[in-house]
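One letter stands for each residue in the lines below.
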Amino acid sequence: MSAHHKPRHGTGRPLKYMSPGGIVCPGVTTIIKRYSDQEGLIAWANKIGLEGKTLAMARDKRADVGKLAHAMCAAYLAGQTWSPAPRDEAQDIDEASEHCARFVTWWEQSELTVAATELPLVSAEYLFGGTMDLVARDPSGGLIVADIKTGRTGGYPEWLAQLGGYAVLWREHHPDEPIGLAQVYHTATTPITIYTFDAVALEAATSWFVHATRLFQHDRDLAHHMQRLSYAKSKR
């Protein structure tokens, strides 16, 4: 394997995304959640309530399984051994292991190789950060920005928007290695479901995300001015 194609194994998501100038930056998912359609979340919350569960309980449970599955898949892709933490519950580990096993079964038949995993990047131009699950390389050398999803349902527009954000980050840091495709690996099904987005769809997603980052910054500026106004009124 040439040095140019040596996999980049990152450190995972940091506690904060910091710009080179020391500015705390929002993450890709933070920006997307600000402008995403919440109808699906409302329907899910209603379903959870009808089952007699609190939203916090269900969300925490789903998040725990998702984090464990991602950690297992990341360890596998990096050629490492995953070990549970003392706080990890056996039921969550079992469920996450099923997700990871389905992903591994597919991956080993896919002919893809790892270009990068768990790579945290920050955009100095647009002031946001993100940690991509995976950038894969196909047999012809083309790059695919990819994300692993473990939720029960799938096919959300936010998935493409998220990959668009990652593509913006990758282009800024690796302009000589263009991303050609985007994929989501949905591990809740057997076999896993692959959502593939071509270059046209990915370009639309990157354009949307750049506009979203600018709008997000304008929203924060407005909130800052409103805080100043409230402070000035309180001093009268």
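Everything quoted here is computed from the prediction, not taken from an experiment.

### Here's the deal with the environment of Thr113
Okay, step 1: With respect to the helices and strands, Thr113 occurs in strand 4 (residues 113-123).
Okay, step 2: A sequence separation of 106 residues divides Thr113 from Pro7, and the C-alpha atoms of the two residues are 8.6 Å apart.
Okay, step 3: Excluding anything up to four places from it in sequence, Thr113 contacts Trp107, Val135, Ala136 and Arg137.

### Digging into the pattern of salt bridges
Okay, step 1: The final tally for this structure, using the stated rule, is six salt bridges.
Okay, step 2: Two residues, Arg8 and Glu177, come together in a salt bridge whose shortest N-O distance is 2.7 Å. Taken as a pair, Arg8 in strand 1 (residues 8-9) and Glu177 in the loop between helix 5 (157-173) and strand 7 (179-186) lie far apart in primary sequence, 169 residues in all.
Okay, step 3: Arg87 serves as the salt-bridge partner of Asp88, at 3.9 Å between the closest nitrogen and oxygen.
Okay, step 4: What you see here is one network of salt bridges that share partners, running through Arg8, Arg137 and Glu177.

### Quick word on the pairing of strand 6 (residues 143-149)
Okay, step 1: With seven of seven residues buried, strand 6 lies mostly within the body of the structure.
Okay, step 2: Examined bridge by bridge, strand 5 (residues 128-137) and strand 6 share four bridges and lie antiparallel to one another. Bridge pairing in strand 6 links Ala136 to Ile144.
Okay, step 3: As consecutive antiparallel partners, strand 5 and strand 6 are separated by five residues, and within that stretch Gly141 has a phi angle of approximately 100°, a positive value.
Okay, step 4: Note that strand 6 and strand 7 share seven bridges and pair parallel.

### A word on the side chain of Asp133
Okay, step 1: Here Asp133 lies in strand 5.
Okay, step 2: A polar side-chain atom of Asp133 sits 2.9 Å from the main-chain amide nitrogen of Ile148.
Okay, step 3: Non-local contacts of Asp133, meaning those with residues more than four positions away in its chain, are made with His70, Ala116, Thr117, Glu118, Ala146, Asp147 and Ile148.

### Observations regarding the packing of aromatic side chains
The way to describe two aromatic rings as a pair is by their centre distance and the angle between their planes.
Okay, step 1: Tallied over the full model, the rule gives nine aromatic pairs.
Okay, step 2: Ring centres of Trp208 and Phe209 lie 6.3 Å apart, and the angle between their planes is 55°; this geometry places the pair in the tilted category.
Okay, step 3: With a relative accessible area of 0%, Phe209 lands in the buried category.
Okay, step 4: Ring pairs connect the aromatic residues Phe103, Trp106, Trp107 and Tyr185, which therefore count as one cluster.

### Digging into helix 5
Okay, step 1: With 17 residues, helix 5 should reach 24 Å at 1.5 Å per residue; the first-to-last C-alpha distance of 25 Å fits that figure.
Okay, step 2: For helix 5, the buried fraction is high: twelve of the 17 residues fall into the buried class.
Okay, step 3: Listed in full, the buried residues belonging to helix 5 are Trp159, Leu160, Ala161, Gln162, Leu163, Gly164, Gly165, Tyr166, Ala167, Val168, Leu169 and Trp170.

### Regarding the nonpolar core
Okay, step 1: Judged by nonpolar contacts, the single largest core of 31 residues is most densely connected at Met132, Val135 and Trp170.
Okay, step 2: Contributions of two or more residues to this core are made by helix 1 (28-35), strand 4, strand 5, strand 6, helix 5, strand 7 and helix 6 (199-234).
Okay, step 3: Apart from the residues within four sequence positions on either side, Met132 is in contact with Thr117, Glu118, Leu119, Leu121, Tyr166, Leu169 and Trp170.

About the criteria used
- Residues numbered from 1 in each chain as written.
- Predicted model: local features only at pLDDT ≥ 70, side-chain atom pairs only at ≥ 80, totals over all residues.
- Heavy atoms only, no water.
- Helix = DSSP H or I, 4+ residues; strand = E, 2+ residues; numbered from the N terminus.
- Contact = heavy atoms within 4.5 Å.
- Salt bridge = Lys/Arg side-chain N within 4 Å of Asp/Glu carboxyl O.
- Buried < 20%, exposed > 50% of the residue type's maximum accessible area, 1.4 Å probe, protein only.
- Pairing = 2+ DSSP bridges.
- Polar contact = N/O pair within 3.5 Å; in protein donor to acceptor, adjacent residues only side chain to side chain.
- Phe/Tyr/Trp six-rings, centres within 6.5 Å; stacked < 30°, edge-to-face > 60°.
- Expected span 1.5 Å × (residues − 1).
- Core = buried A, V, L, I, M, F, W, Y, C linked by side-chain atoms within 4.5 Å.

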